[in-house]
Amino acid sequence: MSKKLFGKTPEGVEIYLFTIENSKGMKAEIINYGGIVVSLYVPDKNGRMDDVVLGCDSLEDYSKSPYFGAIIGRHANRIENAVFELNGKEYRLAKNDGNNHLHGGIKGFDKVVWDVLEHSGNSLKLHYLSHDGEEGYPGNLDITVTYSVTEDNALSIDYKAKSDADTVVNLTNHSYFNLSGHSSGDILKHQLKINADRFTVNNEECIPTGEIISVEGTPMDFRELKPLGPGIQSGSIHVKHFNGYDHNFVLNVSGKEPEFAAEVFDPASGRRMKVYTTKPGVQLYTGNQLNQIAGKGGIRYGRWSGFCLETQFFPNAMKHKHFPSPVLKAGELYHHITVYKFE
């Protein structure tokens, strides 16, 4: 267990880096700014430890980064036209992604200071109170996020929240993984499997249209392990607008307990990551917009340097009522778990 100063916000608030680890040497380094996973060290096929998440060296770089490692909320992903209706009332949000709302707004949960409730050898519990009206969302939302490094080499993320008014909540983590190591180049040879037979179709603004179709015969068919590269570079109508994957998959899960959602295997390092979740969807994003982003150790991250598997309610769900609902009723408990397990 360790804690050290990482930097200060422009307002002078001290931000700390917390280390949590297991007895086998797997460790995560997390800051209480945005709840960001700065580093995640896991063994390769020879037992060599390497950092498998993209990140930054300074707090200033994180404030400008594309959500590296952060807790995302109040609503992850996109909301069309930055507006939704709840209980007959219209709520207008920030348009921070063209005409749309993305990842909670201009100052989402990725850019706030989280309180540290507990810090033990293998876990870190963070807390944030999002006030009524923050970024346009209704209700005072009380959130705790607990990161744990388990003895079976997993990073577990436990999300809990309660609101004093009906609201929408869709929390996720935005870590970019590269199982060869964060500085090793692109992830085109990584092999992916997703426990999904269907995905939500995007329009050209990466907004789900409401249509849900089979992965059969599309680059979205990850029902068996296959490399990411061919699909990213296929020129398919489903990927060409985005220069790669930025899509929500409809998981074959019940939501009652963490169930298998995805698996990624890196032939070069022998590392395998399995994802388990209680959420109904997962967004596959392949770092399509990374463009010489300043990274750790002076590294510059380019396109496809990392992939994200963001467990979530479907994007734009408030418009499409046949999607699982992100509405949280006043006084009810929002509780979801996502686990990234390494082998």
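Quantities reported herein were computed from a predicted structural model and do not represent experimental measurements.

Draft legend 1. The arrangement of the UniProt feature "active site" (unreviewed entry) in the chain in detail. The sites that carry the UniProt feature "active site" (unreviewed entry) are, in the present numbering, His174 and Glu310. The largest pairwise C-alpha distance within this set of annotated residues, which runs over 137 residues, is 6.1 Å, so the set is compact in three dimensions. Tracing the sequence through the fold places histidine 174 in the loop between strand S16 (172-173) and strand S17 (191-194). Dropping the residues within four chain positions of it, histidine 174 is found in contact with Pro66, Tyr67, Phe68, Gly69, Ala70, Ile72, His103, Tyr285, Cys308 and Glu310.

Draft legend 2. How the structure looks around the UniProt feature "binding site: beta-D-galactose" (unreviewed entry) in the chain. As annotated by UniProt and renumbered to match this structure, "binding site: beta-D-galactose" (unreviewed entry) occupies Asn77, Arg78, His174, Ser175, Tyr176 and Asp246. Relative to the elements of secondary structure, arginine 78 occurs in strand S7 (residues 78-79). According to the relative accessible area criterion, arginine 78 is buried, its value standing at 8%. When residues no more than four places from it in sequence are discounted, the contact partners of arginine 78 are Asp97, His101, Leu102, Glu205, Cys206, Ile207, Asp246, Pro315 and Asn316. Here aspartate 97 takes part through its side chain, which lies 2.9 Å from a polar atom of the side chain of arginine 78. For aspartate 246, a relative accessible area of 8% translates into the label buried. With sequence-adjacent residues up to four places away left out, aspartate 246 is seen in contact with Arg78, Asn202, Cys206, Gln283, Leu284, Tyr285 and Asn288. A distance of 2.8 Å separates a polar atom in the side chain of aspartate 246 from a polar atom in the side chain of glutamine 283.

Draft legend 3. A look at the packing of aromatic side chains. Applying the stated criterion across every chain, the model contains 17 aromatic pairs. Consider the rings of phenylalanine 222 and tyrosine 245, whose centres lie 5.3 Å apart with planes at 65°: the pair is edge-to-face. Taken together, the residues phenylalanine 222 in the loop between strand S19 (208-214) and strand S20 (226-227) and tyrosine 245 in the loop between helix H2 (229-232) and strand S21 (246-251) connect sequence positions 23 residues apart. Using a relative accessible area of 0% as the deciding quantity, one classes tyrosine 245 as buried. Through pairs of rings, three or more aromatic residues link up here, namely Phe68, Tyr176, Tyr285 and Tyr301. Here lysine 27 stacks its cationic end above the ring of tyrosine 41, 5.2 Å away from the centre of that ring. One residue, lysine 226, lies across the ring of phenylalanine 222, its end atom 4.8 Å from the ring centre.

Calculation rules
- Residues numbered from 1 in each chain as written.
- Predicted model: local features only at pLDDT ≥ 70, side-chain atom pairs only at ≥ 80, totals over all residues.
- Heavy atoms only, no water.
- UniProt positions renumbered as here; feature names shortened; annotations may be inferred.
- Helix = DSSP H or I, 4+ residues; strand = E, 2+ residues; numbered from the N terminus.
- Contact = heavy atoms within 4.5 Å.
- Buried < 20%, exposed > 50% of the residue type's maximum accessible area, 1.4 Å probe, protein only.
- Polar contact = N/O pair within 3.5 Å; in protein donor to acceptor, adjacent residues only side chain to side chain.
- Phe/Tyr/Trp six-rings, centres within 6.5 Å; stacked < 30°, edge-to-face > 60°.
- Lys NZ or Arg CZ within 6 Å of the ring centre and 35° of its normal.

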